[in-house]
Amino acid sequence: MVSALDEAVGNVVSALQEKGILDNTLIVFTSDNGPGSGGNAYPLRGLKQTLYEGGSRVPAFVNGPMLKKIGYISEEMIHISDWYPTLVGLAGGNTVSLRGNLTYGGNSDGAKCVFPFTYKGKTYNGCITQGHDQLWCSTTRTYQGKWGNCKDVQPLDGVDQWPMLREGSKSSRTEFVYNIKDGNVRDSGSAGSASGQAIRVGNYKLILGDPTGTGKASRAGWTQDPFVSSQTSRGRITSVDKNAVYLYNLRDDPTERTNLADKMPSLVDSMRARLESHAATMLPAVFGRPDQRGNPSQWGGAVSPGWCSVDTSKIIIG
């Protein structure tokens with residue numbers, strides 16, 4: 001897989017060079033999450049779908065002639081949501097216009113969302129997503145299920161990190177949320193389930209509840225060093241407390257071995273409050289229904305969402 005990926009990246013770079021646009025291109029190589037079962041996040045703790053650093057912290061590199069500082073490793077904070085405003089701004093787009101002028105709504109009755117609005121006893125400052133291109137909103141301050149154009153949307157979650165990438169300066173971000181508990185979410189056995197939640201503020205990371213999303217101790221330990229044949233480097237975890245509180249200093253303890261929660265209760269309280277403030281703005285989760293139009297049997301064995309058009313005669317299986 002690594003060889004195939006290396007070849008694919010080389011093909012992209014070669015194509016950019018042949019087109020004469022490589023000198024005006026920023027190349028970003030990154031990942032969306034850590035390794036899954038069978039993978040290795042050494043020396044970090046945990047795997048994909050956990051709230052540990054092994055599930056979310058990934059290596060990345062940025063390359064391009066527009067970078068002022070090159071050839072160094074940055075440990076500044078950047079979240080995957082930051083790539084959108086960063087790349088849009090670099091390409092000449094105006095991310096500020098995306099914060100308050102977006103308009104959605106299928107079958108719109110022409111109504112404009114009025115914020116905040118209340119739904120099931122909670123107040124929201126955004127719209128509730130329904131389907132691919134439609135948003136529910138209300139013409140009053142209560143949720144009444146009317147279609148409308150949602151114009152007053154929330155600010156973007158991401159921040160423009162181009163100064164940091166270009167000049168090696170400090171990150172524009174001081175915190176980010178790993179997961180927020182949503183009681184409406186069925187426990188799917190992932191970090192996005194209702195099992196645990198986590199936030200990072202500065203160098204500190206707070207985890208509330210089950211960091212594995214599954215309750216499985218096998219996903220809560222440290223992976224073996226791939227260059228050591230013995231198992232001495234693997235941390236064995238025998239149980240997971242779904243009601244526990246964990247506090248780690250990621251600068252001094254990036255492998256999350258020392259829980260500081262009992263020693264720093266005031267910091268735990270302030271970070272918990274910060275997490276709760278983010279949770280207050282969270283919109284209810286919406287689950288789409290299974291669509292048989294996406295069944296692989298109808299797409300030559302390939303997986304499809306079911307609502308896009310694909311020429312199955314050009315799909316190569318195997």
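Analysis parameters
- Residue indices begin from 1 for each chain and proceed along its sequence in written order.
- Local features are withheld for residues below a pLDDT of 70 in this predicted model, meaning they are given only at 70 or higher, and side-chain atom pairs are given and counted only at 80 or more; totals for whole chains, interfaces and linings count all residues.
- Here the side-chain values reflect all heavy atoms present in the structure, with hydrogen atoms and water set aside.
- To sort residues, take the accessible area from a 1.4 Å probe on protein chains only and compare it with the maximum for the residue type: under 20% means buried, over 50% means exposed, and anything in between is partly exposed.
- Numbered from the N terminus, helices here are DSSP runs of H or I no shorter than four residues, and strands are runs of E no shorter than two.
- Only when DSSP finds a minimum of two bridges between them are two strands counted as paired.
- A score between 0 and 100, pLDDT records how confident the predictor is in each residue.
- Any two residues whose heavy atoms approach within 4.5 Å at even a single point are treated as in contact.
- Ring geometry is summarised as follows: Phe, Tyr and Trp rings, the Trp one being its six-membered ring, pair when their centres sit within 6.5 Å, and such pairs are stacked at plane angles under 30 degrees, edge-to-face over 60 and tilted between the two.

Trainee: Got a minute to help me understand the pairing of strand β12 (residues 245-249) in this structure?
Mentor: Strand residues, when the strand is regular, have side chains that alternate between the two faces of the sheet. Judged by how many residues are buried, β12 sits mostly within the fold: four of five residues are covered. Sheet analysis places strand β11 (residues 204-209) next to β12, joined by five bridges and oriented antiparallel. Bridging across to β12, Ile207 finds its partner in Tyr246.

Trainee: Honestly, the pairing of strand β10 (residues 196-201) in this entry has me stumped. Any pointers?
Mentor: Extensive coverage of β10 is indicated by the burial of five of its six residues. As judged from the four bridges shared by strand β9 (residues 175-179) and β10, these two strands associate in the antiparallel manner. Paired with Asn179 across the bridge in β10 is Ala198. Note that β10 and β11 share six bridges and pair antiparallel. Bridging from a neighbouring strand, Ile199 pairs with Leu206 of β11.

Trainee: Looking at this structure, I do not really get the confidence of the model for the protein chain. What am I missing?
Mentor: Low pLDDT means the predicted atomic positions in that stretch should not be read closely. Scored by pLDDT, the protein chain has a mean of 75; 67% of the residues are at 70 or more. Mean pLDDT per element in the protein chain: strand β3 (residues 111-112) is the minimum at 37, and β12 is the maximum at 96. Per-residue pLDDT stays below 50 along residues 126-153; that stretch engages in 106 contacts with residues further than four places along the chain or on separate chains.

Trainee: Explain the packing of aromatic side chains to me, please; I cannot follow it from the model alone.
Mentor: To describe a pair of aromatic rings, one takes the distance between the centres and the angle between the planes. Tallied over the entire structure, the rule returns three aromatic pairs. Aromatic pair Phe29 and Phe61: ring centres 5.3 Å apart, planes at 10°, arrangement stacked. On the criterion of sequence distance, the pair formed by Phe29 in strand β1 (residues 27-29) and Phe61 in strand β2 (residues 61-63) is long-range, its members being 32 residues apart. When its relative accessible area of 32% is taken as the criterion, Phe29 is described as partly exposed. Each ring, one from Phe176 and one from Tyr178, has its centre 5.0 Å from the other, and the planes form 55°; the classification is tilted. Tyr178 shares its class with Phe176; the two are buried.

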